[in-house]
Amino acid sequence: MHWQTTRFQIDLSRPRVMGIVNVTPDSFSDGGRHAAPDHAIAHCERLLSEGADMLDIGGESSRPGAISLTIEEEWARIAPVLAGALSMGAAVSVDTCKPEVMARALDLGVDVINDIHALQDPQALSVLARHAQSGVCLMHMRGSPATMQSLTTYDDLLADVAGFLAARVVALRAADIAPERIVLDPGYGFAKTTAQNFALLARQAELLDLGYPLLVGWSRKRALGDVTGRPVEQRLAGSLAAALACIAQGAKLLRVHDVAATVDAIKVWTAASACTSPRHLAERQ
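Residues numbered from 1 in each chain as written. Predicted model: local features only at pLDDT ≥ 70, side-chain atom pairs only at ≥ 80, totals over all residues. Heavy atoms only, no water.

Strand order in the open sheet formed by eight strands is 8-7-6-5-4-3-10-9, and the pairing between neighbours is parallel. The sheet is open, and its two edges are formed by strand 8 (182-185) and strand 9 (215-216), each paired on a single side. As defined by bridge partners, strand 9 adjoins strand 10 (residues 253-256) across two bridges and the pair is classed as parallel. Within the sheet, the bridge partner assigned to Val216 lies in strand 10 and is Leu254. (Pairing = 2+ DSSP bridges. Helix = DSSP H or I, 4+ residues; strand = E, 2+ residues; numbered from the N terminus.)

This brings us to the pattern of salt bridges. Under the defined criterion, the tally for this structure stands at eleven salt bridges. One salt bridge connects Asp53 with Arg16, and the closest N-O pair in it is separated by 3.0 Å. Residue Asp53 is found in the loop between helix 1 (37-49) and strand 4 (54-58), and its partner Arg16 is found in strand 3 (residues 16-22); the two are separated by 37 residues along the sequence. A relative accessible area of 23% means that Asp53 is categorised as partly exposed. On the basis of relative accessible area, Arg16 is assigned to the buried category, the value being 12%. Between Arg255 and Asp56 there is a salt bridge, with its nearest N and O atoms 2.6 Å apart. Within this pair, whereas Arg255 is found in strand 10, its partner Asp56 is found in strand 4, the two being separated by 199 residues in sequence. When its relative accessible area of 0% is taken as the criterion, Asp56 is described as buried. When salt bridges that share partners are traced, they join Arg14, Arg16 and Asp53 into one network. (Salt bridge = Lys/Arg side-chain N within 4 Å of Asp/Glu carboxyl O. Buried < 20%, exposed > 50% of the residue type's maximum accessible area, 1.4 Å probe, protein only.)

Given a rise of 1.5 Å per residue, 15 residues ought to cover 21 Å, and the 20 Å separating the end C-alpha atoms of helix 2 (residues 71-85) matches this to within 8%. Elements that come into contact with the buried residues of helix 2 comprise helix 1, strand 4, strand 5 (91-95) and helix 3 (99-108). (Expected span 1.5 Å × (residues − 1). Contact = heavy atoms within 4.5 Å.)

What follows deals with the pairing of strand 6 (residues 112-115). Neither face of strand 6 is open: one carries Val112 and Asn114, the other Ile113 and Asp115, and all of them are buried. A crossover connection joins strand 5 to the parallel strand 6 through helix 3; in handedness this β-α-β unit is right-handed. Sheet topology places strand 6 next to strand 7 (residues 135-139); four bridges connect them, and they run parallel. In the sheet register, Val112 faces strand 7, and the bridge partner there is Gly135. Crossover connection from strand 6 via helix 4 (residues 122-130) to parallel strand 7: handedness right-handed. (Right-handed = clockwise from strand over helix to strand, strands pointing away.)

Below, the structure written as structure tokens:
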């Protein structure tokens with residue numbers, strides 16, 4: 001299994017780590033520590049040195065209640081960081097929902113568009129259709145970051161998430177966007193309560209029936225704090241536990257802040273899984 005992106009075919013035979021680079025002064029997770037371009041570029045280098053397989057760069061916060069930026073405000077934040085990251089030899093994703101920003105990023109050579117609105121803007125579909133190899137991540141969410149946490153009533157959460165993602169895939173395929181370019185994100189933390197996030201995680205593997213790789217993001221999120229009682233800066237253990245639970249439920253890509261710890265956790269998980277595989281157990285008998 002591979003994910004086709006602009007410059008790379010990403011091998012998904014093992015879990016891959018996407019390092020988060022928030023070029024925002026109001027990020028929920030890191031308090032704007034990487035808002036300056038030189039700080040963000042240094043952070044990109046650090047994440048890759050820690051074992052990240054790719055980078056996800058965003059200039060607009062999607063925390064609950066966040067207010068949207070103008071196109072020029074968002075582009076001014078991320079353009080110098082994207083230019084620096086593209087020279088580092090790894091796939092680069094841009095986290096944006098604005099078609100104009102997507103087009104500029106793809107013209108620079110960015111590998112992936114990560115859109116929390118799942119390309120629902122028809123102009124976004126047109127932009128991706130014009131770039132024949134770029135990857136795209138489609139995420140489930142209701143409303144916008146400003147309204148999403150008031151939109152958490154579902155008849156059947158899993159069915160709603162699956163139905164939404166399936167419909168978006170149909171729209172992309174109708175726009176001649178090849179299936180190997182597409183991955184899906186259940187949208188943990190977006191228009192979902194804490195209980196709903198964990199209920200969805202328990203059934204995440206059922207989303208594999210849609211036929212596309214899953215990219216997930218639990219890192220440092222509020223639901224982890226609700227369960228553990230920990231503030232955002234103390235949610236590493238919870239983030240790692242959630243990451244491994246997602247792998248157990250079939251996720252192939254993890255979007256995380258703490259790359260080194262996540263890479264180590266995956267290595268241990270992989271070694272342990274190999275030792276408990278049916279073939280290994282049979283060889284021991």
